[in-house]
Amino acid sequence: MDTGKRWLQGAVMGWALIAPVAYAAGNGVTFETAAVCLGGMSDPVTVEVAETEQQRNRGLMERTDLAADAGMLFLFGREMKVGFYMFRTRIPLDIAFFDDDKKVVAMKTMVPCVSQDPRRCAIYNPGVAFSSALEVNAGFLKRHDIKKGDRYSMTSAAKCSAERGRGQAAARESRAGD
């Protein structure tokens, strides 16, 4: 076999081995990270921010794990009335949907879709308009007592203020109990 054919076979074989890894690693999509205070949590959640269409479409696809205090924040810049699905998403997730005031308007728990056909994956629709959404590990929202009406805020602080995320009514109740 001549050198040119061997090189071509080697290149094709190399690409066949590397391509799945490149796809699983994000297919060239990168995310900025940020810290988010949520509800009455004292510690911020470290999130990857998905604000471009390419980032939002990629989301947490092909991930096999997610740190306990991590998530992905989807920013749309306008109100949306769409749902999320779990095509090629390997981790069960909770999702909180937020309005323009960064207030929780709906929450869902989503399970991975095992189908290779995205049309066969369940769509998790909040049933209300939203402008951002936060995906975290399944059980996170319940474990941290996140409720409708709670808010999120971006932070650079090492700790969160409970008043900042619980909304004014919850903050008044907290002060009244002191």
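Notes on the structure in this doc start here. A quick note: this is a predicted structure, and the numbers were derived from the prediction, not measured. (Residues numbered from 1 in each chain as written. Predicted model: local features only at pLDDT ≥ 70, side-chain atom pairs only at ≥ 80, totals over all residues. Heavy atoms only, no water.)

As for the overall build of the protein chain
A tally of helices and strands in the protein chain yields four helices and nine strands. Expressed as a percentage of its 178 residues, the buried residues of the protein chain come to 39%. Pairs at least 24 apart in sequence give 71% of the contacts found in the protein chain among residues at least 6 apart. As displayed, the protein chain has an accessible area near 10500 Å², and 53% of this comes from carbon and sulfur atoms. (Helix = DSSP H or I, 4+ residues; strand = E, 2+ residues; numbered from the N terminus. Buried < 20%, exposed > 50% of the residue type's maximum accessible area, 1.4 Å probe, protein only. Contact = heavy atoms within 4.5 Å. Areas by Shrake-Rupley, 256 points an atom, 1.4 Å probe, with all protein chains shown as cover.)

So, the nonpolar core
Grouped together as the largest cluster of nonpolar side chains are 25 residues, with contacts concentrated most on Phe74, Phe84, Leu93, Phe97, Met110, Phe130 and Ala133. Going through the elements one at a time, strand E3 (70–80), strand E5 (93–98), strand E6 (104–110) and strand E8 (130–137) are the ones with two or more residues in this core. A total of five residues in this core trace back to one element, the largest contributor, which is E3. What phenylalanine 74 contacts, discounting residues up to four positions off in sequence, is Ala50, Arg56, Gly59, Phe84, Ser131, Ser132, Ala133 and Glu135. (Core = buried A, V, L, I, M, F, W, Y, C linked by side-chain atoms within 4.5 Å.)

Quick look at the sheet that holds E6
Taking strand neighbours across the sheet as the criterion, the seven strands line up as E6-E5-E8-E3-E2-E1-E9 in an open arrangement whose pairing is mixed. Pairing within the sheet leaves two strands with one partner each, and these edge strands are E6 and strand E9 (152–155). Direction aside, neighbouring strands of the sheet carry axes that sit 35° apart on average. When strand E1 (residues 32–38) meets E9, the two strands line up antiparallel, connected through four bridges. Note on E9: the bridge partner recorded for leucine 38 is tyrosine 152. (Pairing = 2+ DSSP bridges. Axes fitted to C-alpha atoms, helices over the stretch in contact; angles between N-to-C directions.)

Topic: the state of the cysteines
The final tally for this structure, using the stated rule, is two disulfides. The disulfide partner of cysteine 37 is cysteine 160, and the S-S distance across this bridge is 2.1 Å. Residues cysteine 37 and cysteine 160 share a disulfide whose torsion about the S-S bond is about -85°; that sign makes it left-handed. With cysteine 37 in strand E1 and cysteine 160 in the loop between E9 and helix H4 (162–176), the pair connects residues that are 123 residues apart, well separated along the chain. Across the pair, exposure class does not vary: cysteine 37 and cysteine 160 are buried alike. Here cysteine 113 engages in a disulfide with cysteine 121; their sulfurs sit 2.2 Å apart. Here the S-S torsion is close to -80°, and the disulfide linking cysteine 113 with cysteine 121 is therefore left-handed. Classification of cysteine 113 by relative accessible area gives buried; the value is 11%. Ordering the disulfide-forming cysteines of the protein chain by sequence position, one finds them joined as 1-4, 2-3. (Disulfide = S-S within 2.5 Å.)

Here we look at the environment of lysine 81
Assignment of secondary structure puts lysine 81 in the loop between E3 and strand E4 (84–85). What makes lysine 81 exposed here is its relative accessible area of 68%. The sequence separation of lysine 81 and glycine 127 amounts to 46 residues, and the corresponding C-alpha distance is 7.4 Å.

Quick notes on the packing of aromatic side chains
According to the stated counting rule, one finds eight aromatic pairs in the structure shown. Ring centres of phenylalanine 84 and phenylalanine 97 lie 5.8 Å apart, and the angle between their planes is 75°; this geometry places the pair in the edge-to-face category. Remark: phenylalanine 97 occurs in strand E5 and phenylalanine 84 occurs in strand E4; sequence separation between them is 13 residues. For the pair phenylalanine 98 and tyrosine 152, a centre-to-centre distance of 4.7 Å together with 75° between the ring planes defines the contact as edge-to-face. With phenylalanine 98 in strand E5 and tyrosine 152 in strand E9, the pair connects residues that are 54 residues apart, well separated along the chain. The residues phenylalanine 98 and tyrosine 152 share a single accessibility class, namely buried. Here the aromatic residues Phe74, Phe76, Phe84, Phe97 and Phe130 are joined through ring pairs into a cluster of three or more. (Phe/Tyr/Trp six-rings, centres within 6.5 Å; stacked < 30°, edge-to-face > 60°.)

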